[in-house]
Structures are given as C-alpha cells and as structure tokens.
Number of protein chains: 4
Amino acid sequence: MKKIAISTGGGDAPGLNAVIYAVVHACYRKGWEVYGSRNGYAGFLDLEEMIQLRPRDVEGIYAIGGTIIGSTNKGNPFANPVKNLAGETQVIDISDKILRNFKRMNFDCHIAIGGDGSMEIAHQFAEKGMPVIGVPKTIDNDLEETDRTFGFDTAVSTATEALDKLHSTAKSHDRVMVVEVMGRDSGWIALYSGISGGADIILIPEVPFDMDKVCEKITDNDLRGKDYSIVVVAEGAQALNGQRFIKGGLEPGRQEVILGGVGEWVATEIQRRTDKDTRSLVLGHLQRGGSPTTFDRLLALRFGAAAVRLVEQETFDHMVALKNSEMKAVPIADAIRARKKVDLTSDKVQTARDIGICLGD
Amino acid sequence: MKKIAISTGGGDAPGLNAVIYAVVHACYRKGWEVYGSRNGYAGFLDLEEMIQLRPRDVEGIYAIGGTIIGSTNKGNPFANPVKNLAGETQVIDISDKILRNFKRMNFDCHIAIGGDGSMEIAHQFAEKGMPVIGVPKTIDNDLEETDRTFGFDTAVSTATEALDKLHSTAKSHDRVMVVEVMGRDSGWIALYSGISGGADIILIPEVPFDMDKVCEKITDNDLRGKDYSIVVVAEGAQALNGQRFIKGGLEPGRQEVILGGVGEWVATEIQRRTDKDTRSLVLGHLQRGGSPTTFDRLLALRFGAAAVRLVEQETFDHMVALKNSEMKAVPIADAIRARKKVDLTSDKVQTARDIGICLGD
Amino acid sequence: MKKIAISTGGGDAPGLNAVIYAVVHACYRKGWEVYGSRNGYAGFLDLEEMIQLRPRDVEGIYAIGGTIIGSTNKGNPFANPVKNLAGETQVIDISDKILRNFKRMNFDCHIAIGGDGSMEIAHQFAEKGMPVIGVPKTIDNDLEETDRTFGFDTAVSTATEALDKLHSTAKSHDRVMVVEVMGRDSGWIALYSGISGGADIILIPEVPFDMDKVCEKITDNDLRGKDYSIVVVAEGAQALNGQRFIKGGLEPGRQEVILGGVGEWVATEIQRRTDKDTRSLVLGHLQRGGSPTTFDRLLALRFGAAAVRLVEQETFDHMVALKNSEMKAVPIADAIRARKKVDLTSDKVQTARDIGICLGD
Amino acid sequence: MKKIAISTGGGDAPGLNAVIYAVVHACYRKGWEVYGSRNGYAGFLDLEEMIQLRPRDVEGIYAIGGTIIGSTNKGNPFANPVKNLAGETQVIDISDKILRNFKRMNFDCHIAIGGDGSMEIAHQFAEKGMPVIGVPKTIDNDLEETDRTFGFDTAVSTATEALDKLHSTAKSHDRVMVVEVMGRDSGWIALYSGISGGADIILIPEVPFDMDKVCEKITDNDLRGKDYSIVVVAEGAQALNGQRFIKGGLEPGRQEVILGGVGEWVATEIQRRTDKDTRSLVLGHLQRGGSPTTFDRLLALRFGAAAVRLVEQETFDHMVALKNSEMKAVPIADAIRARKKVDLTSDKVQTARDIGICLGD
C-alpha cells in the first residue's frame, strides 16, 4: 500500500480534474490511498486542507474545468510572502516544514500538477529528498520536453469558436474584428485558432509585426471583394521597432494614452490607417475555463495514469510528457529550462502562409 | 404574383437569416418573387445591390448568424451623410429617390427587418406611401409591443456559457469575476444570463447599485465558505449617486483615469474594497454572433412567415410581434415609442432575489 | 422555521437539478431546512435515503442534467410491486406508511417534481392530508395547464443539433435521413426541432400521415434540384389506415418483420417507393440528457422559487405553472386531466406549412 | 499556371471542406486554377459537373461538415455498374474515358480526397498516367501510414458528448446504457470516446469480449455503490466463441431473432444476466456530421496545403500523411495495404485498464 499526495498549482487549465480522476482511479485499483492538498501546498501546512480522494469523490470530474482541490498563483514554499505584525510583507522559506509534514503524514510520493513555476518548486523539493512526479500544465503549450499540454486544445477551441461568432458580425457590417488571445511568450493559441478560425491576419510574439503589412492585407481583402477581416493577436505580440506598443503607457511619438492591451492598440491603428470600422475584443479568462475537449480529457487522463506508473517504478524527479504520441518520463530539470516557441519552419506556419494568412511580416 | 423586397438594418442579431429564409420559402410557395436589398437600402439605389433570392440561395441559412444581404448601422435615407467635393459631410434626404426606384422596380411590399431605428425609418416610408411590413430585431429584447425578439435567447446563451466557463476558474482561484454584458438601457441579458449562469450579483440599468451592498454580498459568500463570486454587469448599469461611473473620464473625488467600461470599474472597486483577487471581462460582440439557438430560429422563422401573411392581407405599416405565445400585427408607430424595461415586480426578478442573488440594492 | 421534503419522479428531464437548486436556496434564505428523498419516495421509507440539502450541496447543479437525488419510473406508493418469498410480485399500498413517516419527520410540505404520473400520486397524497406542491416535468411539453415545461427546450435543441449534423451528410450523399424523436402522444419535439432544423417532412401523432404524400415531397425536392431530404418522425406518429405501422410486429399485407420503430418503417418505405438511399436514426435517450439550455435553466429556477412561495402561502395541492410568461398556481387535479396536443391551427403549424414543410397530409 | 482537379469520395467526414478550402486558397496564391469534380468522378464525365472553385466560392467552408462538391459511395470507374436497356446491371470500365477527359480539360493534377477505396482507385489512375495526389480520409482513423485522419476527432467528440448526456440519465435511474459507435474493423472511436466519456466498459474489435466479464464489471460497480454503468461498443466488436453475435440472424443456441446490431445484443444480454434496467442507442450517422473540431480543421487545412506543395514538387502517386506531428508524403500503394488496428500495448489501452475500464477480457 502506498499513500500519494496530489496538488495543482498555477493558472487554471481544463483537464486538471481529469488528471486527478485518473490518479485516483489508478491508485484505487492498486489499493493505494490518494490525498489532495488544497490550494497548492496548503494541505502540507494544515491537515484540514488535506482531503482524501476516493473514486466516489471524483465521479464525473474528468468532464469539468477547474480543479476540485483548488490552485494558487501565489506563494512559493521556498520564498513565501507573509505579513508580519507591522503589516509588512516578509519572505520566508517554509519548505522544511512542508517536507517534515510530508514525512510525518507517511506519504510515499507527491504528484505535482503545474506549469513551469510549479515544476521548478517540485524539482527543488525533489532535491531536498521528497519523492516527486511532475505533470505538466500550461494552457499556452509552451513547455519544453512535451509535444502537448492539456488545456491547450480547449483554449484553442474556445478561441476558434469566438472567431466563428465574430465572422458573421464582421461580414454583415464590413468590419475588421481584432481578437486578443493568450500567449505572452509564444503564439501557439493565436496560430492554431487563427488558422482554424479563418483569420486573415495572425500576430504572434515570434514574428514582430509591421502595421503596414497588416493594413495592406486588409485593403487587399477589400480589393478582391471581401470587405471584412479577422485579426488574431497573441497578448505578447510586438510591433516592429518604431511602432512599439507599451501597455498602459504612452506610445512614443504619438503621445496618446494607450488604454488596453496590444489587441486594442492594433485595432486603433487599423481604424486610423484604413478608415475601416474596427472593433477589438479580449478573450481573457474564457480561454481557461469550461469543460475540457475530448482531446484534452484523453491527454490529461493519460498523463494521470502515466504518473502513477512512474510512482510504481519510483522514477522520481521526473515529469510525464507526450513525445511522438507516446508517454515518456523526462527529468523535471530538463523541462523547465526554456519556453517552447512556435517553430517558424514548421508546416503549420507554412500552411498559414500558403492559404494567404498574413503573419505581419 | 407579387414582388417583395427585403432588407436588414442595424446591429447584428442571430436569426436575421432565419427570417429571410422563411420569407423566401413562404413567397416561393405562393409563386412570388423575393429580392434582397444589400446593406439596408443600397439595393434601391444601385440595381447591382438588389439580389434575387430563391430557395437555393437561402439553403441552410436559418442556422447561420449574421445576414446574407448585409446590414448597416450608418445612414438614414431621410438624413443621409454624404461627403461633398470639399470633403465636408452634408446630410441629404434621399427617401424620394428610394421610393421612386421602389415603384420603378415594381415592388409590392418592403419587409424591413430591424431595430427601433430601422422601424422608425420604415414607418416614415410607410407614411410616404411605401407598403411596408416590419420585423422587430433587437438583441437586447427591449422593444415594446413584442414579448420577445430573436437573437436575445442566443445572446443570453452565449453570456451564460461564458459564466459557466468562468465559474471553474473563479472557484479554483478564490476569485471574483466580473462580466460585462450588453444592455445599454435595459438589463434583460444580464438578468437572464445571471440567473441561469449562477451569478451572485447582477447589476442592471433599472436598479442603480450600491457598491457597499455589492461588496457585502461578496464578503457574505466568503463567510459561508464560498470563496469566489460571479458578478454580471449590464453595460448600462449605473452606481448610486456619489459612486457614479463615467466612461473614459475621471471619477470625481478619486481623480483616477477610468480605463474601460462599468464592468472594469466595478472590478476595480471590488478589489480595492474587499482585497479579493478580481478580474473583469467584456463579452462584447461575441453576444451578437454565432448560430441562433433553436428558440431563436423558431421565433425568427415564425416572424418571417407571419410577415408574408401580413403582405397577403395588405396590413401595411404594421410590425409582426409575439404576444402571449402568438403572432400578432401591431402598428409600427406603437412599437417605437419606448424601450421595454425589466419589470422589477416580475417573478423573474423575484426569483433572483429568492435564490439569494444581489441586485446591488 | 419550516422543514421541506423534495422528490423527483419519472423519466429524466434537464432542469430537475435547477428546480432543486432554487428550492434549496430560496428555503435557505428563509431559514428553512430542505431534505431530498432519494429515488422518489424512498426517503420516506428509509431515513438513510433522506438527505439534507444545503447551498453547498447543490453548488453548480443548475447547469447539470439528471437529478442529484435520483428518480424512479417504477413503483407507485398506492400500488407498490413487491416480491414475496415465493418470488411472486404482489401489489401493496404503502401510502399510509409514507404519510406516517412524513409526519414523524416533522415535514411541513412535500415539493414533488414529476410528470403526470407523479402529479397523480402527489394529488392522492394531498387528499390524504399531506401538504403537497407540484412542479411539472415532462420533456414532451404535453402537460395541460402550463405553457411550457423545462427540459423541452433542451430536448428540442438536442434534436435540432442532430438534424444540423445530418444535413451535411444527407446533402453530400443525396440521401434521405429519417430521425425518430420523442413524442408518444404529441408532436411538440418533432414540430419544433423539425422547423428549426430545416426538415422537409415532419410526422406527428396529431396528423396521421400518408406515405404517398411523404414520397411526393421527396421526389418534388429532387425535381427542383434538392437531391436530399430530412424527415423528422415523432415516435407516436401513425400512418393513415391501410398503411398502419405495428411496432415489433407484422405489417398487414406485406408480411415482413418490422424490426424497429416508426422511423425505421418510414425509412424502409421511402427507400422502397422512391429508390433513394435512405437511412434512419433513433435519438432516444440523448434527448433526456445533457446540460439544460439557458431557457430551461431559467424556467426551472423560476418553478423552484415559485414552489417555495406557494409553500409560504400554503397553497397546497397546487402545481406551479407558466401562463402567458408568468408563474401561476393551478390545482394539480386540473393539470392531470388530459395531454396537451399540438394545436393544428397555431401559427407554428402554419409556419411549417408556409415554408413548404410537408406534414404528411 | 497550373490547373488542378479536386474530388471527394466515400463516406462523409468533417474536414473535407477544410481540405478543399486550403487547396483553393493555396492554389489561388500561386495563380493556379482549381476545379471541383462533383460526386467523385462525375466532373470528368459531364462538364456541367466540373465546377470552378475560387476563394469566394469556399468562403467559410472550413467550419462546415460535408463536402460542397458532393461525394459518392457508389461506383468505381474501373468497374462501374450501369443498367442496360433490359434493366440488368452491367459492370463496365470507364477509366479510359475519364483519363481522356482529364487530358482534354488540360488538368495538371488530380487531388483525390478519400478513404482506402478512393486511394486504391487514385493509385490505379496514377499507374495509367494520371498525376494524382491523395489526401487520406477516414472517420475511423484506421488508415495505415498516417497517425491521424481528419474527422476522427470530431467523431470522437460527438460520441463523447453523447456519453456525457447519457451519464446523467443512467445515474438518475440506476441504469446501464449501451452505446454503439462506429468502427467496423478497429476500435479507435470506441476507445477514445469511452476513455474520455467515463465509460465503465469498452468493447472493440481488437479484443473479443466475454459477457461474463462485462456483467461482472457491472455488478462490481453496484457493489461499490455506483448503481449505473456506461458501455461503449464498436459496431465491429465480437463476442468470444460461443457467445457470437450474428447481425440480423439467429443466435445459435438461443434461437431468438436478434433485431439490431451488436450494441442491442449486448444490452439484451446485460439485462437478461444482471436484471438491471438496460437501454441501448446507436449513434450512427451523427458521428459523420457537424462542424469539424478545431483539431480536425487544422489537420485538414494542413493536409490541403501539403497536397498543393506535393503538386508543385510533382511528387505524384503519393498521399499526404501525418507522421510524428509533421506532414509527410507516402506512396499511395503503401497506405492502402492494411487497416490500422488499435495497438493493445499502447499507453492509451493501458490508461483504460489502469483507471478501471473493462475491455471485456
């Protein structure tokens, strides 16, 4: 009999619950016990926050967004912000306490589901002696060492569905619609949803964009009788030098207040330069919510089951990963080294260009 | 044999195409001809913009958002903005020209689909002698004289689906999520989607809100162990005197730049007063797009078929309307008098209060 | 303080959980207690099957199909089938026992959610002295005294979505697709989904159909270049005399085994008579499942809140109902008298005929 | 300038239109012309059935199921069934005529989208000298030489959504629900949807099933308090010897008429052996229809763009394929050799077993 702790950390991603579901069921079949630590590491600090999870506790959750054990973006056990009596915030290391409790509770392994921040912390705990298995989670699909992360397909589907909805309005009113999607460092969501949702222009962090090219595409559309255009912008997209967008600040040379994000800036510029009726929209948290797609459910369930197999094999300090359609174990340390960028030579980017999508260059 | 012209005016609403579908099919069965005037009245000014519509031209469009004949928010034939050679905008009356062309093209009737602006114009044309039938369209459901307008159920569904998605994220992260939905003058979309989507707080134009009450509800939730809250705000919601929100301007007394709409302001206030992590989202044009729900399709098809029956009966200058589940004809002049507000004594509002939803008062 | 019991009976309908949600929240705000009786009346027979329901027990259930307290199609407390030691089934009356337990548990009222069978039983209990409030439930929308029942809009949406999916296949392959939907006594689902889903032919129990007319419509379609047809058949549709369909039996005169339901028979006949490639599909239980539509959620929540108001007013032996967009209370006895049929003079039927849909007559 | 013909053959699959969309746009950007041959090869026999496709002809079709140029399951140009004057069906070879017309129309290449039947025919034409590029299409995902085919993810999603809907009904009524999904030779759809949709039992052609094991799983569920079960059956699943199911025939030893498919037989057996209320449902053509998922749209668009690149490189008699996330060209002859079966050693099958799903063995 083994006793497993499981936690979810970082931003929300559809599929977290499916991982939990698979871990609970796979352990149940082996006669192991599973406990969920609420809100990241809180269960290791307060026993009331450590909840036993049996099959009946996870019934049907594979289809539900969010995480039943809560998550957190705040706090790092190795540098935890605490307010002292004077109301000042101090940073203290509570990792020893967590490790001590982990041992006192007789856990055999901690399955940590999270993004690169959570993986970094998990790896540090592993180095301190905690048997840890990582399950990668990032809606942006930008984690190295795994071909895919769950939540990404759902986010892309949500964004594509939004594009579908905007098409009819754009067309009925001869408008340009600009949609800002997630992707601070990489343009995966923008690229996938833009191709699938019939965008005319896709702007991603990997390709600094030229507003002249963007506007040229829009006027080209007009010329061939297509009086509307759809633009997808990743939140981390950057204009070429001299057209640089500065969030919440002033744009050099124009001295106007830039109110929103890059999507709003692009929309304002298009309207100004082409005189076309242009509207913008920020999808924001809609991309993090909702029932996971079938693709994400299956991937998350596979990750969960694979994590339990790693526990059995005692392949600790490793993360489950998808490589060429198969489950693999990779050292956590390797996974957190760098962000995965869109490969501009891939056939997906080529497809975008082939079918006439402008990437702003 | 009759010859019918059809046009769509104003903002987009899912179901416009279903009205067109029903008109085309109902006329086809009578051996009548139907022509669609592109972008409002453009077909009466330029023959190339007047398109014949036969059953094969409208195949499957009842399920598609937007309008296949285009719409416009600009221009009123009775006060049409035109640029002269000097680049100045002049307003001229082109209604006589349109009426003349209408007669030269031998049309027997014009079926005008649109909101109160379009109905006003249609009524003016009717007074000048054009046989006109109106079909009411407003996503906000705020047209008098009809219980429902198509597009509203779809908009409510889109907003409710968004709330469903935000629930899991809000819950996983103990957050407050504020969603701004359409409704400048009336809170129909906010009320319906808020109740159906499990909102804790719904703010509508009909009920000036008190931020103290809003924040009290959120802290009450916390007290009973529900660490997250969902707030739905109609774009036209107004805070009580002294807490007034001014779009894009300065808030008196606090002297800060208010960047976005009322939703963002509410979110900022909640965060400031409760110290809870609060995010806001503007649904915007997503509410106008997409395939109409089954409810809206049926309503729009009924409107279209009823309009053709009114043509046959020559009940001109009337608008089709839904009254107590039945199709009725009402004088257009009656319909455009006032906006339909949410009745605060209705059982829907009572339901919201009964199940613990805070309306900000 | 009051103590309320709630039960759900009969077949599944999306929205049951939303009624429960509203009852629990509305009672919670009044300081009342709510208990759910598992699987119909089981909670009155076994205390373990009587579960307290507080707001946290019903979190988010308004969006989920099914019923969290279980339902049953079997058993009537006034004529309950029980197996004796010899294995024979005996029918006994256990209503006195239930009433006795109801009183011993100190309940003030029983809110019974169900179809006409459950309403009949509730009414009998009311006559025996149990304070009962009914909430109408039938996916078929065939209950008298209420304009709408929850679950119906969801069922229609599911059926319409299925028609949308079949359109593309039918068209790509020049096929006839026959879809059998629910509706043993009335054709509401078939009529609504058929109109909304672009059916060419809709067969409902209220209009005995003539296969000659059905096939004529299909060949007419072919003539005008539309090489495919969609047929919606309510499970209770009946062919005109001489073409009578007998489920699972033999068709007089043709002496062939009829394998499935009326949908399959219609498909076989169409293929035989028109020589067109024809396929059939039975939607079955798909129509009973899934998340309720926004329309059904709101209606169910209103029903639940209205039921609690009736408890407060002690308007027992009554059922909540929707009449002309408002909540009303009607005597249960009135509601169970007859099934609501499709009114063949309504504008919905007229719309179907106007836009060229064949009703088989 | 090149002139390209494109055709779609075989059963419907969501994504066909997206391939056409990509081919048309990619060719348009090169200044090439594209023509669609209606209903398979009909365009090569009758010029009226050969339709020019420009960007405006394919607007928005990437999001729509079916194929705008029609498909056919009938007819093989190398063995075409024709009725002679006496009404007898003769099989004749019309491939020479097609090849002659192909040359007279000055086509440079034929892009054939289809399943293994269509690929076989395309290969035969290639051997006769027609420059052919294949695009693989099978909803069953059972084509060798490509990791994935478009349409599969959509079919799996439709099946999973159906399972989601049936869960609430099964649970509310303590029922067993049996769902028969596509998959004559391989169990891909059943396996993927079954895992993603929370099935208790998945029966696939690759694993002959034992009804004893199936029923044991159901009674095990009951024992641990889960009173309902969901069973997914691929249409080609086979019981172990002695329990063999014979479609439409008699079951040896029991001498009863078996009415439907394997799903109905499994349901009947479960009901008979476990005495649990059991219902069955055949998803059928629903799996072939509807808007392609984002995943399928992207894959289909990539296939289309890659096919045009192969035309440019003149890599004829090859098929585009997905291999380890990248586009590849494989000889058509290699692709049609065998059906891809579910690999019983893959981690997907292992995941199913790990989380307690019974595969009937």
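Residue numbers restart at each chain and count upward from 1, following the sequence in its written direction. Starting at A for chains and at 1 for ligands, labels are handed out in the order in which the entities are written. With the structure being a predicted model, the display of local features is reserved for residues of pLDDT at least 70 and the display and counting of side-chain atom pairs for 80 or more, all residues being used for whole-chain, interface and lining totals. To obtain the side-chain values, all non-hydrogen atoms of the structure were used and water was disregarded.

## Description of the overall build of chain A
So, point 1. Helix numbers and strand numbers start at the N terminus; a helix is a DSSP run of H or I with at least 4 residues, a strand a run of E with at least 2. The number of helices and strands found in chain A is ten helices and 13 strands.
So, point 2. In terms of overall size, chain A behaves like a compact globule, its C-alpha atoms giving a radius of gyration of 23 Å where 361 residues would be expected to give roughly 21 Å.
So, point 3. Over its C-alpha atoms, taken along the principal directions, chain A stretches across nearly 70 × 50 × 35 Å.
So, point 4. Buried means the residue's accessible area, taken with a 1.4 Å probe over protein chains only, is under 20% of the maximum for its type, while exposed means over 50%, and partly exposed covers the values in between. Split into buried and exposed, the 361 residues of chain A put 64% on the buried side.
So, point 5. Counting only contacts in chain A whose residues sit at least 6 apart along the sequence, the fraction spanning at least 24 positions is 71%.
So, point 6. Summed over all atoms, the accessible surface of chain A reaches about 13,000 Å², with 46% contributed by carbon and sulfur.
So, point 7. Only four residue types enter the tally: Lys and Arg on the positive side, Asp and Glu on the negative side; His and the chain ends are excluded. Note on charges: their place is set at NZ of Lys, CZ of Arg, CG of Asp or CD of Glu. In chain A, 43 positive and 50 negative side-chain charges are present, and the distance between their average locations comes to 4 Å. Between the two quantities, the radius of gyration covers C-alpha atoms and the globule rule is 2.2 Å times the number of residues to the power 0.38. Contacts are residue-level and defined by heavy atoms, with any inter-residue pair within 4.5 Å sufficient. The Shrake-Rupley method, run with a 1.4 Å probe, gives the accessible areas here. Residue values count only the displayed protein chains as cover.

## Details of the packing of aromatic side chains
So, point 1. Only Phe, Tyr and Trp rings take part, Trp by its six-membered ring, and two of them pair if their centres are within 6.5 Å. Stacked means planes under 30 degrees apart, edge-to-face means over 60, and tilted covers everything else. Going through the model one piece at a time under the given rule, you end up with 50 aromatic pairs over all chains.
So, point 2. Between the aromatic rings of F152 of chain C and Y192 of chain C, the centroid separation amounts to 5.1 Å while the plane-to-plane angle is 70°, which identifies the pairing as edge-to-face. In this pair, F152 of chain C is assigned in helix α4 (residues 152-172) and Y192 of chain C in helix α5 (residues 188-196), connecting sequence segments 40 residues apart. One exposure class covers both F152 of chain C and Y192 of chain C, and it is buried.
So, point 3. Members of the aromatic cluster, each reached through a chain of ring pairs, are Y35, Y41, F44, F78, F102, F107 and F125 of chain A.
So, point 4. In this structure, K226 of chain B packs its charged tip against the face of Y228 of chain B, placed 4.1 Å from the ring centre.
So, point 5. In this scheme, Lys NZ or Arg CZ marks a charge over a ring once it lies within 6 Å of the ring centre and within 35 degrees of the ring normal. It is K2 of chain C that lies over the ring of W32 of chain C; its NZ or CZ is 5.8 Å from the centre.

## Side note on the interface of chain A and chain D
So, point 1. The interface of chain A with chain D comprises 47 residues on the first partner and 47 residues on the second.
So, point 2. Across the chain A/chain D interface, buried area totals approximately 3,900 Å², and carbon plus sulfur atoms make up 52% of it.
So, point 3. Of all residues in chain A, the largest losses of buried area upon contact with chain D belong to T294, L298 and I355 of chain A, amounting jointly to 15% of the total for that side.
So, point 4. We define a salt bridge as a side-chain nitrogen of Lys or Arg found within 4 Å of a carboxyl oxygen belonging to Asp or Glu. The interface formed by chain A and chain D contains eight salt bridges. Simply put, the buried area is the total loss of 1.4 Å probe accessible area from both parts when two parts are fitted together.

## Side note on the domain arrangement of chain A
All names here are of chain A.
So, point 1. Each domain's limits were defined by an automated method or a database of domain assignments. The domains assigned to chain A are domain 1 (3-150 + 292-335) and domain 2 (155-289).
So, point 2. The gap between the C-alpha centroids of domain 1 and domain 2 is 35 Å.
So, point 3. Each partner contributes to the interface: domain 1 provides ten residues, whereas domain 2 provides eleven residues.
So, point 4. On inspection of domain 1 and its partner domain 2, the count reaches zero salt bridges.
So, point 5. Think of a polar contact as two N or O atoms within 3.5 Å of one another; within protein, one of them needs to be a possible hydrogen donor and the other a possible acceptor, and neighboring residues in sequence only count if both atoms come from side chains. One can count one residue pair in polar contact (both at pLDDT 80 or more) joining domain 1 with domain 2.
So, point 6. Gly is put with the polar residues, along with every residue not named as nonpolar or charged; the nonpolar set is Ala, Val, Leu, Ile, Met, Phe, Trp, Tyr, Cys and Pro, and the charged set is Asp, Glu, Lys and Arg. A breakdown of the residues in the side of domain 1 that touches domain 2 according to their chemical character gives three nonpolar, three polar and four charged.

## Topic: the sheet that holds strand β3 (residues 50-52) of chain A
Residues and elements named next belong to chain A.
So, point 1. Spatially, the seven strands line up as an open sheet ordered β3-β2-β1-β6-β7-β12-β13, and their pairing is mixed. At either margin of the open sheet sits one strand with a lone partner, and together these are β3 and β13 (326-331). Within the sheet, the average angular offset between the axes of one strand and its neighbour, ignoring direction, is 30°.
So, point 2. Note on pairing: two strands pair once DSSP finds at least 2 bridges between them. Summarising the sheet, strand β12 (residues 318-323) and β13 pair through six bridges and their orientation is antiparallel. Within β13, the residue paired with A321 across the bridge is K328.
So, point 3. Axis definition: a line fit to C-alpha positions, over the contact stretch in the case of helices; interaxial angles, taken between N-to-C directions, run 0 to 180 degrees. Strands in contact with helix α8 (residues 294-313) are β1 (3-8), β6 (109-114), β7 (132-136), β12 and β13; relative to β12, the strand with the most contacts, it is inclined by about 135°.

## Some points on the interface of chain B and chain A
So, point 1. Between chain B and chain A, the contact holds 34 residues from the first and 34 residues from the second.
So, point 2. Summed over both sides, the interface of chain B with chain A buries roughly 2,600 Å², with 52% coming from carbon and sulfur.
So, point 3. Across the chain B-chain A interface, the total number found is zero salt bridges.
So, point 4. Counting across the interface, chain B meets chain A through 16 residue pairs in polar contact (both at pLDDT 80 or more).
So, point 5. For the side of chain B that touches chain A, the elements supplying multiple residues, two or more each, are α4 (152-172) and β11 (278-282) of chain B.
So, point 6. By residue number, the principal contributor to the side of chain B that touches chain A is α4 of chain B, which donates eight residues.

## Some words on the relation of the copies chain B and chain A
So, point 1. Once chain B is rotated about the relating axis by 180° and shifted along it by 0.0 Å, it coincides with chain A to within an RMSD of 0.0 Å. Each copy turns onto its partner about a two-fold axis.
So, point 2. Most of the interface of chain B is mirrored in chain A: 100% of its interface residues are interface residues there too. The fit set for superposing copies consists of C-alpha atoms from residues with pLDDT of at least 70 in both; the fit itself is least squares.

## Regarding the side chain of N17 of chain B
Residue and element names in this part refer to chain B.
So, point 1. Its location among the elements puts N17 in helix α1 (residues 16-30).
So, point 2. By relative accessible area, which is 1% here, N17 ends up buried.
So, point 3. Within the local environment of N17, its side chain forms a polar contact with the backbone oxygen of G65, the two atoms lying 3.0 Å apart.
So, point 4. When near neighbours in sequence (up to four residues on either side) are disregarded, N17 contacts I61, I64, G65, G66, T67 and I68.

## Some points on the UniProt feature "binding site: Mg(2+)" (unreviewed entry) in chain A
Residue and element names in this part refer to chain A.
So, point 1. In the numbering used here, UniProt assigns the feature "binding site: Mg(2+)" (unreviewed entry) to D116.
So, point 2. Inspection of the secondary structure assignment puts D116 in helix α3 (residues 116-127).
So, point 3. Under the relative-accessibility criterion, D116 is labelled partly exposed at 27%.
So, point 4. When sequence neighbours within four positions are dropped, the list of residues in contact with D116 reads L143, I336 and R339. UniProt positions are given in the numbering used here, feature names are shortened, and annotations may be inferred rather than shown by experiment.

## Some words on the pairing of strand β7 (residues 132-136) of chain B
Residues and elements named next belong to chain B.
So, point 1. Of all five residues in β7, five are buried, a share of seventy percent or more.
So, point 2. Across the two faces of β7 the burial is the same, with V132, G134 and P136 and I133 and V135 all buried.
So, point 3. Where strand β6 (residues 109-114) lies against β7, five bridges are found, and the strand directions are parallel. Bridge pairing in β7 places A112 opposite G134.
So, point 4. Crossover handedness is defined by viewing with both strands directed away from the observer: a clockwise path from the first strand over the helix to the second marks the crossover as right-handed. Remark: the β6/helix α3 (residues 116-127)/β7 crossover connection has right-handed handedness.

## A short note on the packing of helix α1 (residues 16-30) of chain A against α8 of chain A
All names here are of chain A.
So, point 1. Between α1 and α8, the shortest axis-to-axis distance is 7 Å and the interhelical angle comes to 40°. Classified by the angle their axes make, α1 and α8 are oblique. By crossing handedness, the relation of α1 to α8 is classed as right-handed. Contact residues: α1 offers A18, V19, Y21, A22, V23, A26, C27 and K30, while α8 offers R297, A300, L301, G304, A305, V308 and E312. For classification, angles of less than 35 degrees are called roughly parallel, those exceeding 145 degrees roughly antiparallel, those between 65 and 115 degrees roughly perpendicular, and all remaining angles oblique. Put simply, a crossing is left-handed when the front helix is turned counterclockwise from the back one by less than a right angle, and right-handed when it is turned clockwise.

## So, the arrangement of the chains
So, point 1. No interface is formed between chain A and chain C, the nearest pair of C-alpha atoms being 11 Å apart.
So, point 2. Contact between chain B and chain D is absent, and the least distance between their C-alpha atoms amounts to 11 Å.

## A closer look at unusual backbone geometry
So, point 1. We note that D317 of chain B has phi near 60°; this positive angle belongs to a residue other than glycine.
So, point 2. Relative to the elements of secondary structure, D317 of chain B occurs in the loop between α8 (294-313) and β12 (318-323).
So, point 3. At E314 of chain D, a residue that is not glycine, the phi angle is positive and equals roughly 55°.
So, point 4. Relative to the assigned elements, E314 of chain D resides in the loop between α8 (294-313) and β12 (318-323).

## Let's talk about the pairing of strand β4 (residues 80-83) of chain B
Residue and element names in this part refer to chain B.
So, point 1. Taken together, the four bridges between β4 and strand β5 (residues 89-92) define a ladder with antiparallel strand orientation. Looking at the pairing, N80 lines up with I92 of β5.
So, point 2. Counting the residues in the hairpin turn of β4 and β5 gives five residues, including G87, whose phi is positive at 85°.

## Some words on the environment of N76 of chain A
All names here are of chain A.
So, point 1. Assignment of secondary structure puts N76 in the loop between β3 and β4 (80-83).
So, point 2. For the pair N76 and I133, spaced 57 residues apart in sequence, the C-alpha separation works out to 18 Å.
So, point 3. Here the side chain of N76 touches F78 through a polar contact of 2.9 Å, landing on its backbone nitrogen.

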